[in-house]
Amino acid sequence: MDIIETIKEQIANNTILLYMKGAPNAPQCGFSAKASQALMACGEKFAYVDILQNPEIRANLPKYANWPTFPQLWVAGELVGGSDIITEMMDDGSLQTLVKEASAAKAG
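Along each chain, residues carry numbers from 1 onward, in the same order as the chain's sequence is written. Residue-level local features of this predicted model are given only where pLDDT is at least 70; pairs of side-chain atoms are given and counted only at 80 or more, and the full residue set underlies all totals for whole chains, interfaces and linings. Each side-chain value is derived from all of the structure's non-hydrogen atoms; neither hydrogens nor water enter the calculation.

Peer 1: How do you make sense of the nonpolar core when you look at a structure like this?
Peer 2: Side chains that are nonpolar tend, in soluble globular proteins, to be buried together. In terms of nonpolar packing, the biggest core is built from 16 residues, with Ile16, Leu18, Leu39, Leu73, Ile86 and Leu95 touching the most fellow members. Under the scheme used here, helices are H or I runs from DSSP no shorter than 4 residues and strands are E runs no shorter than 2 residues, and both carry numbers assigned from the N terminus. Listing elements by their share of this core, those giving two or more residues are strand S1 (16–20), helix H2 (30–41), strand S5 (72–75), helix H4 (83–92) and helix H5 (94–107). Should any heavy atoms of two residues lie within 4.5 Å, those residues are considered in contact. In this view, Leu39 contacts Ile16, Leu18, Phe46, Leu73, Leu95 and Val99; residues no more than four positions away in its chain are not counted. The next biggest cluster of nonpolar side chains, apart from the first, holds 13 residues, and it includes Ile3, Leu17, Ile57 and Phe70. Buried Ala, Val, Leu, Ile, Met, Phe, Trp, Tyr and Cys residues that are joined via side-chain atoms within 4.5 Å together make up what is termed a nonpolar core. Working definition: with a 1.4 Å probe on protein chains only, accessible area under 20% of the residue-type maximum means buried, over 50% means exposed, and in between means partly exposed.

Peer 1: I keep staring at the packing of H2 against H4 and nothing clicks. Help me out?
Peer 2: To characterise two packed helices, one gives the angle between the axes of the helices and the distance between these axes. Inter-axis angles, ranging from 0 to 180 degrees, are taken between N-to-C directions of lines fitted to C-alpha atoms, where helices are fitted over the stretch in contact. Relative to each other, H2 and H4 sit at 35 degrees, their axes nearing to 9 Å. Along this stretch, H2 crosses H4, giving a crossing that reads as left-handed. The residues of H4 that touch H2, namely those facing Phe31, Lys34, Ala35, Ala38 and Ala41, are Ser83, Ile86, Thr87 and Met90. Residues that form the contact of H2 with H4 fall into these classes: 6 nonpolar, 2 polar and 1 charged. Throughout, a crossing is termed right-handed when the near helix is turned clockwise from the far one, and left-handed when it is turned anticlockwise from it by less than a right angle. Residues are sorted three ways: Asp, Glu, Lys and Arg are charged, Ala, Val, Leu, Ile, Met, Phe, Trp, Tyr, Cys and Pro are nonpolar, and all the rest, Gly among them, are polar.

Peer 1: So what exactly am I meant to see when it comes to a negative patch on the surface here?
Peer 2: The patches described consist of residues with a relative accessible area above 30% and no salt bridge, like charges being joined within 9 Å and nonpolar side chains (Val, Leu, Ile, Met, Phe, Trp, Tyr) within 5 Å. All accessibility values rest on the Shrake-Rupley procedure with a 1.4 Å probe; residue burial counts only the protein chains present in the view. Any Lys or Arg side-chain nitrogen found within 4 Å of a carboxyl oxygen on Asp or Glu counts as a salt bridge. Lys and Arg are tallied as positive, Asp and Glu as negative. Neither His nor the chain termini are counted. To locate a charge, take atom NZ for lysine, CZ for arginine, CG for aspartate or CD for glutamate. A contiguous patch of negative charge on the surface is contributed by Asp84, Glu88, Asp91 and Asp92. Position of Glu88 among the secondary structure elements: in helix H4.

Peer 1: Looking at this model, I keep getting lost on the packing of aromatic side chains. Mind explaining?
Peer 2: Aromatic ring pairs are reported here in terms of the distance separating the ring centres and the angle at which the planes meet. Paired rings are identified among Phe, Tyr and Trp, the last through its six-membered ring, by centres lying within 6.5 Å, and are further divided according to the angle between planes into stacked (under 30 degrees), edge-to-face (over 60) and tilted (the rest). For the coordinates displayed, the defined rule picks out 1 aromatic pair. Between Tyr64 and Trp74, the ring centres sit 6.1 Å apart and the planes meet at 25 degrees, which makes this aromatic pair stacked. In this pair, Tyr64 is assigned in helix H3 (residues 55–65) and Trp74 in strand S5, connecting sequence segments 10 residues apart. Tyr64 gets classed as partly exposed once you look at its relative accessible area, which sits at 33%.

Peer 1: Just checking my understanding: could you explain H5 for this structure?
Peer 2: For an α-helix, 3.6 residues make a turn, and residues three or four places apart therefore share a direction. In a helix, the anticipated span is given by 1.5 Å times the number of residues less one. Over its 14 residues, H5 runs 20 Å from end to end, which matches the ideal 20 Å to within 8%, given 1.5 Å per residue. Here H5 has its buried residues at Leu95, Val99, Ala102 and Ser103. Buried positions in H5, seen along its axis, are confined to an arc of 95 degrees and lie on one side of it. Summarising the geometry of H5, the exposed residues directed more than 90 degrees from the buried face are Glu101 and Ala105. Throughout, the arc means that of the directions going from the helix axis to the C-beta atoms.

Peer 1: Got a minute to help me understand the side chain of Asp50 in this structure?
Peer 2: With respect to the helices and strands, the residue Asp50 is situated in strand S4 (residues 47–50). No salt bridge is formed by the buried Asp50, whose closest oppositely charged neighbour, Arg58, lies at an N-O distance of 7.7 Å. Among the polar contacts made by the side chain of Asp50, one reaches the main-chain amide nitrogen of Gly22 at a distance of 3.0 Å. The term polar contact refers here to a pair of N or O atoms within 3.5 Å; inside protein, the definition further demands a hydrogen-donor-capable atom paired with an acceptor-capable atom, and it admits residues adjacent in sequence only when both atoms are side-chain atoms. A polar atom in the side chain of Asp50 sits 2.9 Å from the backbone nitrogen of Leu52. The contacts of Asp50, once residues within four sequence positions are left out, are Met20, Lys21 and Gly22.

By themselves these figures say nothing about function.
So, in structure tokens, the structure goes:
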């Protein structure tokens, strides 16, 4: 399978997906740590892909997403953004709303 197809499949099959360096319980960079902590605080399950373990995804996702950096948060097939956007959304409450609505839509 082509790597772009793999990325599309991951995004399609996971309502809330974080591409990050490391894992949520063992992040490998400060930005990934902030992003995963904000998501965990929302209280919903989310999937993640450790781009350090997946160099092809690390190389190709920025081109596919037209977003140069990691982490990248995808919700319901849409790119939300990176660490700064996730932190801003957490602070204003919109991240919790987005995550809860996406989870509820998937469950319903």
